[in-house]
Amino acid sequence: DNAGTQANNGCHEMEQQQHETLNVLGQVLLFKFNSYSIIPDSIDALEWIYEILKEYQDAKVVVTGHTDSIGSAEFNMALSEMRAQTVVNYRIKRGLNPNQFTAIGK
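Residues numbered from 1 in each chain as written. Predicted model: local features only at pLDDT ≥ 70, side-chain atom pairs only at ≥ 80, totals over all residues. Heavy atoms only, no water.

Draft legend 1. Main features of the overall build of the protein. Along the protein, the regular secondary structure elements total 3 helices and 2 strands. When the helices and strands of the protein are read in sequence order from the N terminus, they spell out α-α-β-α-β. Looking at the 106 residues of the protein, the share that counts as buried comes to 30%. Summarising the internal contacts of the protein: among those between residues at least 6 apart in sequence, 61% fall at separations of at least 24. (Helix = DSSP H or I, 4+ residues; strand = E, 2+ residues; numbered from the N terminus. Buried < 20%, exposed > 50% of the residue type's maximum accessible area, 1.4 Å probe, protein only. Contact = heavy atoms within 4.5 Å.)

Draft legend 2. Expanded view of the nonpolar core. Core analysis: the biggest nonpolar cluster contains 19 residues, and Leu 29, Leu 46, Ile 49, Leu 53, Val 63, Val 87 and Phe 101 have the highest contact counts within it. Elements with a contribution of two residues or more to this core: α1 (16-27), α2 (43-53), β1 (61-65) and α3 (73-93). For this core, the element with the most residues is α2, which contributes 6 residues. Residue contacts for Ile 49: discarding those within four places in its chain leaves Leu 22, Leu 25, Gly 26, Leu 29 and Arg 91. (Core = buried A, V, L, I, M, F, W, Y, C linked by side-chain atoms within 4.5 Å.)

Draft legend 3. Highlighting the side chain of Thr 86. Looking at the element boundaries, Thr 86 is found in helix α3. There is a polar contact of 3.5 Å between the side chain of Thr 86 and the backbone oxygen of Tyr 36. (Polar contact = N/O pair within 3.5 Å; in protein donor to acceptor, adjacent residues only side chain to side chain.)

Draft legend 4. Looking closely at the environment of Leu 46. Tracing the backbone shows Leu 46 in helix α2. Along the backbone, Leu 46 and Leu 22 are 24 residues apart, and their C-alpha atoms lie at a distance of 9.7 Å. Leave out the neighbours within four places in its chain, and Leu 46 touches Leu 29, Ile 38, Val 87 and Tyr 90.

Draft legend 5. Structural detail: the packing of α2 against α3. It is the contact of α2 with α3, at a shortest axis distance of 10 Å, that shows an interaxial angle of 55°. Classified by the interaxial angle, the pair formed by α2 and α3 is oblique. For the pair α2 and α3, the crossing hand works out as right-handed. On α3, the residues that touch Ile 43, Leu 46, Glu 47, Ile 49 and Leu 53 of α2 are Val 87, Tyr 90 and Arg 91. (Axes fitted to C-alpha atoms, helices over the stretch in contact; angles between N-to-C directions. Parallel < 35°, antiparallel > 145°, perpendicular 65-115°, else oblique. Left-handed = near helix turned anticlockwise from the far one by under 90°.)

Draft legend 6. The pairing of strand β2 (residues 101-105), seen in detail. Note that β1 and β2 share 5 bridges and pair parallel. Within β2, the position partnered with Val 63 by the bridge is Ala 103. Following the backbone out of β1, through α3 and into the adjacent parallel β2, one traces a crossover that is right-handed. (Pairing = 2+ DSSP bridges. Right-handed = clockwise from strand over helix to strand, strands pointing away.)

Draft legend 7. α3, seen in detail. With 21 residues, α3 should cover 30 Å at 1.5 Å per step; its first-to-last C-alpha distance of 30 Å lies within 8% of that length. Among the residues making up α3, those that are buried are Asn 76, Leu 79, Ser 80, Arg 83, Ala 84, Thr 86, Val 87, Val 88, Tyr 90 and Arg 91. Looking at the buried residues of α3, the elements they touch are α2, β1 and β2. Count one or two residues on from α3 and you reach Gly 95, which has phi positive near 110°. (Expected span 1.5 Å × (residues − 1).)

Next comes the structure, spelled out in structure tokens:
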């Protein structure tokens with residue numbers, strides 16, 4: 001019910017510490033080899049990210065998927081996109097706003 005900053009079009013801005021935490025946690029999300037299945041050890045990081053993002057459901061979030069260099073460029077691009085979408089889907093299933101996410105592969 002409180003307005004955010006004018007610089008952020010009236011929306012609340014995420015605290016710098018939370019922003020940095022999201023970036024660090026995003027880097028430890030791991031997938032099975034040549035797959036878009038998240039390894040079980042990464043579920044805790046996904047949950048921590050969810051806990052932060054549920055406070056900022058109007059925030060625009062870009063989820064970027066990556067792969068290793070093994071395989072063709074076409075395969076790896078498709079896989080990186082599916083990995084990003086898997087993370088987005090997890091967040092949506094937990095109740096976050098699907099319109100706040102963009103999934104891209106690199």
